[in-house]
Amino acid sequence: MESSSAATVSAGPSPGPTPADLLRRLRARGAADPVTHVERLPARAGVPAPWPSWAPPELRAAFARRGVVAPWQHQAQAATLAYEGEHVVVATGTASGKSLAYQLPALATLLADPRATVLYLAPTKALAADQLRAVAALELEGVRPACYDGDTPRAEREWIRRHSRFVLTNPDMLHHGVLPGHAQWSGFLRRLAYVVIDECHTYRGVFGSHVAHVLRRLRRQCARFGSTPVFVLASATSGDPAAAAGRLTGLPVTAVTEDASPRGGVTFALWEPPLLPPDSGPSTPVPPQSTGDHDDLQQVRRSALRETADLLADTVAEGVRTLAFVRSRKGAEVVAANARRALDDAVPGLGDRVAAYRGGYLREERRELERALLHGDLLGLASTNALELGVDLVGLDAVLICGYPGTRASLWQQAGRAGRSGQEALAVLVARDDPLDTYLVHHPEAIFGAPVEATVLDPANPYVLAPQLACAAFEAPLTPADLALFGDGAKEAVDQLVAAGALRQRPTGWYWRHRERPEVDLRGEGGAPVAVVESSTGRLLGTVDGGSSHFLLHSGAVYLHQGVSYVVDDLDLVDGCALVHAEEPDWSTHARDVTDLSVVSVRSYVDAGPVGMFLGEVDVTSQVVSYQRRRIATGEVIDTRPLDLPARELRTVAVWFTLSPQSLTLAGVQPADVPGALHAAEHAAIGLLPLMATCDRWDIGGLSTAVHQDTEAPTVFVYDGHPGGAGFAERAYGTASAWLRATRDAIAECGCESGCPSCVQSPKCGNGNNPLSKPDAIQVLDVVLANLPE
Ligand SMILES: [Zn+2]
Ligand SMILES: [Zn+2]
């Protein structure tokens, strides 16, 4: 979400406490200080640059009218590279004005060449709408910017295709609408000068791999029509933006990473909720199921959700406009509900000024929440995803981040919501019971130092490549020259499509054999989304992605929406719909699955004496088989009920390591403790992988065993949870020693006695976190690290 830095819309004035005062008050509440680190990010003066000589006076004047008197240095640098025809990615902080870097060359070109066109891609409709407002506000003659997405009325579409010269859309629309209908777009594509890809770091994993091929299809159509557009990408800061942008576009891309924009000071606190006394049990009525955050054993740390809800209530009570980011959709609703309750207890009615917000809401509900926060009817909002929010929400007084959001890019994106020009703001990262969060709040250098995490995608994934090639063939027959464009594995994928009867080979190329276009969902690796419908009214409450539906929407599951509790009556997988009724039982539900894994092939391995490290293909079978009902107040298990859901099969990529039984005995791990040692190491390793690659632990799965039938040795597997792999396991293999070193440190540094959710317990364990041995896990990892070359 970017706005030119000078044009940031800020919320109204609020003479609240200074961030330092606010933080002092917040941390003084409990007995133990929960703050592990405070980083003061000082205000920074911007480094302006002169307007590039090629920028026409009327464009400069238009920006000046919007309050941009001169570009910042990084904007001018990236803009000039792009204007000179180089593909460029500008990877700087939130609100650093990345949009000017592409608006400047794109609009200058549109003004200089009355025929030229620009295509802008955003990951969300909301962001495209914000950009449309920004470009339209420049009131440039003949540009006629327009959004073209699923909401665009049919009647307007033809006008846009014919007359707009700055079309804003998203990869899904490009994939489903523009490219298959390229004949109608030929005039636009023939004259295409720039392709702008905003927030390009969001294209990662399987979705990113799909988008990479959608962009190759776009390049192919442009080439057919005779245009070679320049790609300008905007990215959050990350490990290697040029390489990631290159992988995404398939083109050589130059990176501009030196941020020269001014920045308001931010006080950034790392916050670790206190350990609860061992015998106190769950102290608060937060439904654990609602988050997936707390699974099996008694709660050891105070829940990050509860902590965030309290912080939200406290900041709102201070009149501080606060946004709380919570990872799970249900978690956001729980935080809002608890903050509302706390505020109402203090001042009846004050709770109304807090709400929950998430992407699954219907469009009207989302707009209403955005409006209310902007106008101050709301002071506190708990949300799941920064990208769904409008640009007007930059400039909050405080941002609470409940749990590391999985990537540094998201963390900075979310923290970047805090602070309006000239004012200090507060950001707080509240650690969850999770090994990565624990590691980060005790290793601030991993947050505030140089980024190591890379945006990972794998365009060679055959499960992505084949359907994308089918789409390309539908759009125009594939030629041998096209195969090079689509990269490694394209020939094999085409041969498979021919064998499967989808393509026909002729002397001139490969032809799509069917009348209908191939059905390919860019985001659909988990299956189609499941609609949640209230049976009595037929009202659509929202949607849940197919991959999570077995866990969240099985019959009997308790499902939360806007703080209201529903119980699922029936999950209909054929129709993709779950029927629910409003009910607030005093239990929560926790789904369980069982997993089996077999090795298909080994791609690469390191033979390190008693230790082996492998990368290869595996088959994973998993099935949600039962769920537990637990008393919310006490965590007591009421019963376990069986479920009859189909197994899900997955061929994917895994990284795994083996150890010889002798090396474990030598390290003091008794044979009886080997399963618990490996299992604990597996959980923590999964938890720490997001430090190395942009994934979260829900993207990855694991399995450990004292003897695996394929390796015949004690083994820990970590696999990509997506068909064909998403690049995560590959990254883990490539950074194995750094990854497992961080894993070892996270376990060793956790203050708990025998393992807790902050180190070796996992919220998604199919075995109920049993067995687990924390000290032996450290021994296992020490053996691996001692033998593995750096
Ligand atoms: Zn622990
Ligand atoms: Zn487990």
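Please read all numbers here as calculations on a predicted model, not as lab measurements. (Residues numbered from 1 in each chain as written. Chains lettered and ligands numbered in written order. Predicted model: local features only at pLDDT ≥ 70, side-chain atom pairs only at ≥ 80, totals over all residues. Heavy atoms only, no water.)

Remarks on the overall build of the chain
The cut-off we apply is this: Only DSSP runs of H or I reaching four residues or more are called helices, and only runs of E reaching two or more are called strands; each is numbered from the N terminus. Computation of the radius of gyration draws on C-alpha atoms, with the globule rule given as 2.2 Å multiplied by the number of residues to the power 0.38. Relative accessibility thresholds used throughout: buried, under 20% of the residue-type maximum; exposed, over 50%; partly exposed, between the two (1.4 Å probe, protein chains only). Here the Shrake-Rupley method, with its probe set to 1.4 Å, supplies the accessible areas, and only the displayed protein chains count as covering residues. When charges are counted, Lys and Arg contribute as positive and Asp and Glu as negative, whereas His and the chain ends are disregarded. Each charge is placed at NZ for Lys, CZ for Arg, CG for Asp and CD for Glu.
A count of helical and extended segments in the chain gives 25 helices and 27 strands. Taking 790 residues into account, the globule formula puts the C-alpha radius of gyration at 28 Å, and the chain, at 26 Å, falls close to it. By its C-alpha atoms, the chain is 75 × 70 × 55 Å across when sized along the principal axes. Expressed as a percentage of its 790 residues, the buried residues of the chain come to 61%. Just so you have it, the chain exposes about 29,300 Å², and 52% of that area is on carbon and sulfur atoms. Across the chain, the 70 positively charged side chains and the 90 negatively charged ones have centroids separated by 7 Å.

Side note on the packing of aromatic side chains
Stated formally: In this scheme Phe, Tyr and Trp rings, the latter by its six-membered ring, pair at centre separations within 6.5 Å, and the angle between planes marks the pair as stacked below 30 degrees, edge-to-face above 60, and tilted otherwise. By definition here, charges over rings are those cases where NZ of Lys or CZ of Arg is within 6 Å of the ring centre and within 35 degrees of the ring normal.
Per the counting criterion, the structure on display carries twelve aromatic pairs. Each ring, one from Y605 and one from F614, has its centre 5.9 Å from the other, and the planes form 25 degrees; the classification is stacked. Residue Y605 is classed as exposed on the basis of its relative accessible area, which comes to 55%. Here the aromatic cluster, defined as three or more aromatic residues joined through ring pairs, consists of Y605, F614, W656 and F717. Above the face of the Y148 ring, R157 is positioned so that its terminal group lies 5.4 Å from the ring centre.

Quick word on the packing of helix α7 (residues 171-178) against helix α9 (residues 205-225)
Condition: Note on method: axes are straight lines fitted to C-alpha atoms, helices fitted across the in-contact stretch only, with angles between N-to-C directions ranging 0 to 180 degrees. Orientation is classified from the angle alone, with under 35 degrees giving roughly parallel, over 145 giving roughly antiparallel, 65 to 115 giving roughly perpendicular, and any other angle giving oblique. Crossings are classed by handedness, with left-handed meaning an anticlockwise turn of the near helix from the far one by less than a right angle and right-handed meaning a clockwise turn. Every residue pair with non-hydrogen atoms within 4.5 Å of one another is taken to be in contact.
Between α7 and α9, the shortest axis-to-axis distance is 10 Å and the interhelical angle comes to 50 degrees. Accordingly, the angle class assigned to the pair α7 and α9 is oblique. Crossing angle aside, the handedness with which α7 passes α9 is left-handed. Taken together, the residues of α9 that come into contact with α7 (itself represented by P171, L174 and H175) are V211, V214, L215, R217 and L218.

Some words on the pairing of strand β14 (residues 425-430)
What counts is decided by this rule: The pairing criterion is simple: DSSP has to find at least two bridges between the two strands.
For β14, the tally of buried residues reaches six of six residues, placing the bulk of the element in the interior. Alternating positions in β14 separate into two faces, A425, A427 and L429 on one and L426, V428 and V430 on the other, with burial throughout. Pairing analysis gives six bridges linking strand β9 (residues 266-271) to β14, with the strands arranged parallel. From the neighbouring strand, W271 faces β14, where its bridge partner is V430. Both strand β13 (residues 398-402) and β14 contribute to a ladder of five bridges, which runs parallel. Paired with A398 across the two strands is L426, which belongs to β14.

Some points on the pattern of salt bridges
The test is simple: The working definition used for a salt bridge is a side-chain nitrogen of Lys or Arg within 4 Å of a carboxyl oxygen of Asp or Glu.
Inspection of the entire model under this criterion finds 20 salt bridges. In this structure, R162 and E158 form a salt bridge, with 2.8 Å as the shortest nitrogen-oxygen distance. Of this pair, R162 and E158 both sit in helix α6 (residues 154-163), four residues apart, roughly one helical turn. Exposure remark for E158: the relative accessible area of 40% places this residue in the partly exposed category. Across the pair D639 and R641 runs a salt bridge, and its minimum N-O distance is 3.1 Å. Taken together, the shared-partner salt bridges connect R302, R306, E307 and D310 into one network.

Brief notes about helix α22 (residues 674-688)
Applied cut-off: What a helix should span is 1.5 Å times the count of its residues minus one.
In a regular helix each residue adds 1.5 Å, so 15 residues correspond to 21 Å; α22 covers 21 Å between its end C-alpha atoms and thus fits that length. Along α22, 14 of the 15 residues are buried, which leaves the element largely enclosed by surrounding structure.

Description of the environment of G380
The residue G380 is located in strand β12 (residues 380-383) in this model. Along the sequence, G380 and A398 sit 18 residues apart, while their C-alpha atoms lie 9.6 Å from each other. Not counting chain neighbours up to four residues away, the residues in contact with G380 comprise L312, V316, T322, R353, V354, A355 and L373.

Let's talk about the coordination of the zinc ion (ligand 1)
For clarity, the threshold we go by: Coordination partners: N, O, S within 2.8 Å of the metal, 3.2 Å for Na, K and Ca; water not considered, so apparent gaps in a site are possible. In this scheme the shape depends on donor count and angles: four donors with every angle between 85 and 135 degrees give tetrahedral, four or six donors with opposite pairs above 155 degrees and others between 65 and 115 give square planar or octahedral in turn, and any other case is irregular.
Here the zinc ion (ligand 1) is held by C750 (SG), C752 (SG), C756 (SG) and C759 (SG), and the distances to it run 2.2 to 2.4 Å. Here the zinc ion (ligand 1) binds four donor atoms, and the angle range of 99 to 118 degrees at the metal identifies the geometry as tetrahedral. Within one chain, the residues serving as donors to the zinc ion (ligand 1) are arranged as C-x1-C-x3-C-x2-C.

Thoughts on unusual backbone geometry
Across the junction of N770 and P771, the peptide omega takes the value -5 degrees, indicating a cis bond. Tracing the sequence through the fold places P771 in the loop between α24 (736-749) and α25 (774-787). Phi at E712 is positive, roughly 55 degrees, even though this residue is not glycine. Its place among the elements puts E712 in the loop between β26 (700-705) and β27 (715-720). The class for E712 is exposed, based on a relative accessible area of 66%.

Observations regarding the packing of helix α3 (residues 73-83) against helix α4 (residues 98-112)
Counted only if it meets this: Note that Gly is not counted as nonpolar here; it falls among the polar residues with everything else outside the nonpolar set of Ala, Val, Leu, Ile, Met, Phe, Trp, Tyr, Cys and Pro and the charged set of Asp, Glu, Lys and Arg.
Direction vectors running N to C along α3 and α4 enclose 40 degrees, while the axes themselves pass 8 Å from each other. One element, α3, and the other, α4, form an angle in the oblique class. Where α3 crosses over α4, the two elements pack in a sense that is right-handed. Note on element contacts: α4 touches α3 through L100, A101, L104, P105, A108 and T109, opposite Q75, A78, A79, A82 and Y83. Among the residues forming the contact of α3 with α4, the class breakdown is nine nonpolar, two polar and no charged.

What to know about the confidence of the model for the chain
Heads up, the rule is: A residue's pLDDT is simply how confident the predictor is in it, with values from 0 to 100.
Looking at the chain, the pLDDT average stands at 87 and 90% of residues meet or exceed 70. A low-confidence stretch, residues 1-14 stays under pLDDT 50, and its non-local contacts, those more than four residues away or across chains, total 51 contacts. Below a pLDDT of 50 lies the segment residues 280-299, which in the model reaches 57 contacts outside its immediate sequence neighbourhood of four places, other chains included.

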